[in-house]
Amino acid sequence: MSTVNRILNFSAGPGILPLDVLEQAQRDFVALPGVGMSVSEISHRSKTFEAIIGECEADIRSLAGIPANYHVLFLQGGASTQFAQVPLNLLAPGATADYIVTGAWGEKAAKEAKKVGTVNVAANTSAGNFSDLPDLGALSLTPGAAYVHYTSNETIQGVEFKSEPTFGDTPVVCDTSSNMFSKPLDISKYALIYAGAQKNLGPAGVTLVIVRDDLVGKAPASLATMLNYATHVKEKSLYNTPPCLAIYLVGLVMKWLKANGGLAAMGERNERKAAKLYAEIDRTGFFRGHAARGCRSNMNVTFRLPTEELEGKFAKEATAAGLDGLKGHRSVGGMRASIYNAFPEAGVDTLVSFMQEFEKMTG
Ligand SMILES: *Cc1c(COP(=O)(O)O)cnc(C)c1O
């Protein structure tokens, strides 16, 4: 099937989805094969939807090698609701949660947790405008903390953890919204990980939460039913009406990931894509990367130009050339190229050529 012209979408989120997924969704949207109704019209308690959500979970489990003592939940309210839901479930009165703040999202997560209980900010790299990661050996961690929270990839600053740190026996909670399934991961290192789907997993409207069994059921009885993880574990994410269409699309993305070599192949491809861009950024000094070299994100590549005027010109001309969404977040300035799983390698080559051309013309 040939499609309408698609431009190169560098948006940070909602981000690009695989074309195969969009085309299949389009083909099957009016009537799911063998069902005769749209996924948006069927009961979430129907056999058809049970199969859709069940298969989606099974594919997530096999892609990420999720151990049996973890639950896979499909929730709503975005990653931003998790900023509150995590402490509401896991931060008991009298306990302390440690937060490693390496960017704008981690800052928000810590702020929400402070509304619930005692928070110790174990590190905060805001002094350097979140361009580097803290020395993990020099964190001020709380002995016996309820959990330690960090953000594996800071979408706005383009700073990514290259390892999956653990902190002794303290449960690790991680916001992986913008790099979930961009490379292999070891779920056993986490107590709970969460991701809003709209960066790398699917469309907006569903939040993936993977939580270890022993952390479920710890919330106070007074907690609202919808905010208690135990509710969604017990009801298999069907306590209330789930975002059926979004879950269906996440399911198609998981099938696409499997068909394209799984997380290992994704990781290699993402590494290669990002390396091409960073090599161009470093080539002459005309462009300057925001993130320190050791923690440059493979998902969100942030860079500056010599002047804000040139940055404005770059963004404008890029858009005119069909390279959309490159303007960086105002807190960092400059450019941000979000190159999630679905972003084609050839599109990165196009951006590199555009950068070289732009430098030649103006540098
Ligand atoms: C986008 C993003 C969020 C917020 O996600 P919502 O689903 O919009 O609430 C949180 N954390 C990170 C790392 C993000 O990239």
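Residues numbered from 1 in each chain as written. Predicted model: local features only at pLDDT ≥ 70, side-chain atom pairs only at ≥ 80, totals over all residues. Heavy atoms only, no water.

**Student:** Tell me about the site of the ligand, residues and numbers included.
**Tutor:** Around the ligand, the structure places 13 residues, and the nearest of them are S80, T155, D175, Q198 and K199. Interatomic distance of 2.6 Å between a side-chain N/O atom of S80 and an oxygen atom of the ligand. Q198 has a polar side-chain atom sitting 2.9 Å from an oxygen atom of the ligand. Within the complex, 88% of the 380 Å² of free accessible area of the ligand lies under protein. When residues of the shell around the ligand are assigned to their parent elements, the largest contribution, four residues, is made by helix α3 (residues 78-90). Along the lines of polarity and charge, the residues of the shell around the ligand split into three nonpolar, eight polar and two charged. (Near = heavy atom within 4 Å. Polar contact = N/O pair within 3.5 Å; in protein donor to acceptor, adjacent residues only side chain to side chain. Areas by Shrake-Rupley, 256 points an atom, 1.4 Å probe, with all protein chains shown as cover. Helix = DSSP H or I, 4+ residues; strand = E, 2+ residues; numbered from the N terminus. Nonpolar A, V, L, I, M, F, W, Y, C, P; charged D, E, K, R; others polar.)

**Student:** So what's going on with the packing of aromatic side chains? Which residues, and what values?
**Tutor:** Applying the stated criterion across every chain yields a total of 14 aromatic pairs. Aromatic side chains F10 and F343 sit 4.5 Å apart centroid to centroid with 40° between the ring planes, which places their arrangement in the tilted category. One end of the pair, F10, is in the loop between β1 (8-9) and α1 (19-28); the other, F343, is in the loop between β14 (335-338) and α9 (345-362), and 333 residues separate them in sequence. Put simply, the rings of F286, F287, F303, F314, F354 and F358 touch in pairs and so form one group of aromatic residues. (Phe/Tyr/Trp six-rings, centres within 6.5 Å; stacked < 30°, edge-to-face > 60°.)

**Student:** I'd like a description of the sheet that holds strand β12 (residues 300-304), backed by residues and values.
**Tutor:** The strands that make up a sheet are held in pairs by hydrogen bonds between backbone atoms, and each pair lies either parallel or antiparallel. Spatially, the three strands line up as an open sheet ordered β11-β12-β14, and their pairing is antiparallel. Because the sheet does not close on itself, it has two edges, and the strands there are β11 (288-289) and β14. Across four bridges, the pairing between β12 and β14 is antiparallel. Bridging across to β14, V301 finds its partner in A337. Seen against the sheet, helix α7 (residues 262-284) touches β11, β12 and β14 and runs at an angle of roughly 10° to β12. (Pairing = 2+ DSSP bridges. Contact = heavy atoms within 4.5 Å. Axes fitted to C-alpha atoms, helices over the stretch in contact; angles between N-to-C directions.)

**Student:** Run through the sheet that holds strand β5 (residues 147-151), naming residues and quoting values.
**Tutor:** One open sheet accounts for seven strands, arranged β2-β10-β9-β8-β5-β3-β4; its pairing is mixed. Looking at strand neighbours, the two that pair on one side only are β2 (70-75) and β4 (118-124), the edges of this open sheet. If you compare each strand with its neighbour and ignore which way they point, the axes differ by 15° on average. Pairing between strand β3 (residues 96-101) and β5: three bridges, direction parallel. Across the sheet, A97 pairs through a bridge with Y147, a residue of β5. Packed onto the sheet, helix α2 (residues 47-64) meets β2 and β10 (207-212) and runs at close to 130° relative to β2.

**Student:** Just give me the short version of a nonpolar patch on the surface, but keep the residues and values in it.
**Tutor:** Taken together, the side chains of F29, V30 and L245 make up a nonpolar region of the molecular surface, amounting to roughly 270 Å² of accessible area. Here F29 shows up in the loop between α1 and α2. (Patch = residues over 30% accessible without salt bridge, like charges linked within 9 Å, V, L, I, M, F, W, Y side chains within 5 Å. Salt bridge = Lys/Arg side-chain N within 4 Å of Asp/Glu carboxyl O.)

**Student:** Break down the pattern of salt bridges for me, citing the residues and quoting the values.
**Tutor:** Enumeration according to the criterion identifies 19 salt bridges in this entry. A network of salt bridges, in which partner residues are shared, links E55, D59, K255 and K258.

**Student:** So what's going on with the domain arrangement of the protein? Residues and values would help.
**Tutor:** Domain annotation of the protein identifies domain 1 (23-259) and domain 2 (261-362). Computed from C-alpha coordinates alone, the two centres of domain 1 and domain 2 are separated by 27 Å. The interface of domain 1 with domain 2 comprises 28 residues on the first partner and 26 residues on the second. The junction of domain 1 with domain 2 conceals about 2100 Å² of combined surface from both sides, 55% of it contributed by carbon and sulfur atoms. Run the count over domain 1 and domain 2 and you get 17 residue pairs in polar contact (both at pLDDT 80 or more). Contributing elements (two or more residues each) for the side of domain 1 that touches domain 2: α2, β7 (159-160) and α6 (244-259). Broken down by element, the side of domain 1 that touches domain 2 gets its largest block of residues, four residues, from α6. For the side of domain 1 that touches domain 2, a count of residues per class yields twelve nonpolar, ten polar and six charged. (Domains from an automatic or database assignment. Buried area = accessible area lost by both parts, 1.4 Å probe.)

**Student:** Give me the lowdown on α6, citing residues and values where you can.
**Tutor:** Given a rise of 1.5 Å per residue, 16 residues ought to cover 22 Å, and the 23 Å separating the end C-alpha atoms of α6 matches this to within 8%. Burial analysis of α6 places twelve of its 16 residues in the buried class, which makes it a mostly covered element. Residues of α6 that are buried include every one of C244, A246, I247, Y248, L249, V250, G251, L252, V253, M254, W256 and L257, and no others. Among the structural elements, α1, α2, β2 and α7 are those in contact with the buried residues of α6. (Expected span 1.5 Å × (residues − 1). Buried < 20%, exposed > 50% of the residue type's maximum accessible area, 1.4 Å probe, protein only.)

**Student:** Give me the lowdown on the pairing of β4, citing residues and values where you can.
**Tutor:** In this structure, β3 lies alongside β4, joined through six bridges in parallel fashion. Counted as the bridge partner of V101 is N124 from β4. Handedness of the crossover joining β3 and β4 through helix α4 (residues 104-116) is recorded here as right-handed. (Right-handed = clockwise from strand over helix to strand, strands pointing away.)

**Student:** I'd like to hear about unusual backbone geometry, residue by residue, with values.
**Tutor:** When glycine is set aside, most residues are seen to have a negative phi, and most peptide bonds are trans. Of the consecutive residues G13 and P14, the connecting peptide bond is found in the cis state with omega at -10°. Note that P14 resides in the loop between β1 and α1. Look at N129: it is not a glycine, yet its phi comes out positive at around 50°. Its place among the elements puts N129 in the loop between β4 and β5. The class for N129 is partly exposed, based on a relative accessible area of 33%. Even without being a glycine, F181 presents a positive backbone phi close to 65°. Within the secondary structure, F181 sits in the loop between β8 (172-175) and β9 (192-196). A relative accessible area of 1% means that F181 is categorised as buried.

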